[in-house]
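Working through the structure, step by step
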Amino acid sequence: MKQQLSVGIWQEENWYIAQCLEIDVVSQGETESEAFANIKEAIELFLETPKSAIKPCPDQFLENISRICRLQFSHRNCPGNKAHDHG
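Residues numbered from 1 in each chain as written. Predicted model: local features only at pLDDT ≥ 70, side-chain atom pairs only at ≥ 80, totals over all residues. Heavy atoms only, no water.

An order of S1-S2-S3 is seen for the three strands of this open sheet, with the pairing classed as antiparallel. For this open sheet the edge positions go to strand S1 (7-12) and strand S3 (26-29), each flanked by a neighbour on one side alone. Ignoring strand direction, the axes of neighbouring strands in this sheet form an average angle of 25°. One ladder, built from six bridges, connects S1 with strand S2 (residues 15-20); its direction is antiparallel. Each residue of the ladder has a partner; that of Glu12, found in S2, is Trp15. Against the sheet, helix H1 (residues 32-47) touches S1, S2 and S3, its axis set at about 150° to S3. (Pairing = 2+ DSSP bridges. Helix = DSSP H or I, 4+ residues; strand = E, 2+ residues; numbered from the N terminus. Axes fitted to C-alpha atoms, helices over the stretch in contact; angles between N-to-C directions. Contact = heavy atoms within 4.5 Å.)

For the rest of this paragraph, the subject is unusual backbone geometry. Notably, Glu13 is not glycine yet its phi reads approximately 55°, a positive angle. Following the sequence through the fold, Glu13 ends up in the loop between S1 and S2. On the accessibility criterion, Glu13 (75% relative accessible area) is exposed. (Buried < 20%, exposed > 50% of the residue type's maximum accessible area, 1.4 Å probe, protein only.)

Of the voids in this model, the second largest pocket is the one considered here, and its volume is about 310 Å³. Gln3, Gln4, Leu5, Val7, Phe36, Ile39, Lys40, Ile43, Glu44 and Leu47 together form the lining of the second largest pocket. When residues in the lining of the second largest pocket are grouped by element, the largest group, six residues, is from H1. Class assignment for the residues of the lining of the second largest pocket results in six nonpolar, two polar and two charged. (1 Å grid on protein atoms, 1.4 Å probe; cavity = no way out; pocket = protein on both sides within 12 Å on 5 of 7 lines; lining within 4 Å. Points joined across faces, edges and corners; volume = space filled by probe spheres on them. Nonpolar A, V, L, I, M, F, W, Y, C, P; charged D, E, K, R; others polar.)

In this section: the environment of Gln11. Structurally, the position occupied by Gln11 is in strand S1. What makes Gln11 partly exposed here is its relative accessible area of 47%. Within the structure, the side chain of Gln11 is placed 3.1 Å from the backbone oxygen of Glu13, a separation counted as a polar contact. Within the structure, the side chain of Gln11 is placed 3.3 Å from the side chain of Tyr16, a separation counted as a polar contact. (Polar contact = N/O pair within 3.5 Å; in protein donor to acceptor, adjacent residues only side chain to side chain.)

Burial along S3 is one-sided: the face carrying Ser27 and Gly29 is buried and the face carrying Val26 and Gln28 is not. Direction of pairing for S2 relative to S3: antiparallel, over a ladder of four bridges. Among the inter-strand pairings, Gln19 is bridged to a residue of S3, identified as Val26. Hairpin connection, S2 to S3: the antiparallel pair is bridged by five residues.

Following this line, the structure appears as structure tokens:
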């Protein structure tokens, strides 16, 4: 799904700062075009669907578990989402 976002760019000393106005992503570059390229990459990474970094437990470890807890949290990059169960 394509999405249009606004980016503001300004200069602070020797750096150009780029900030997305709709989501909390900021980057910088030594030139305006470098700052723009960097913010574009940062936004793409921010919006990328996360890949699971945790692998399922092997069965041999499950026999030693005495308690399993569930955590609730909000996905910060999904505006309007309610808390979700993750286990």
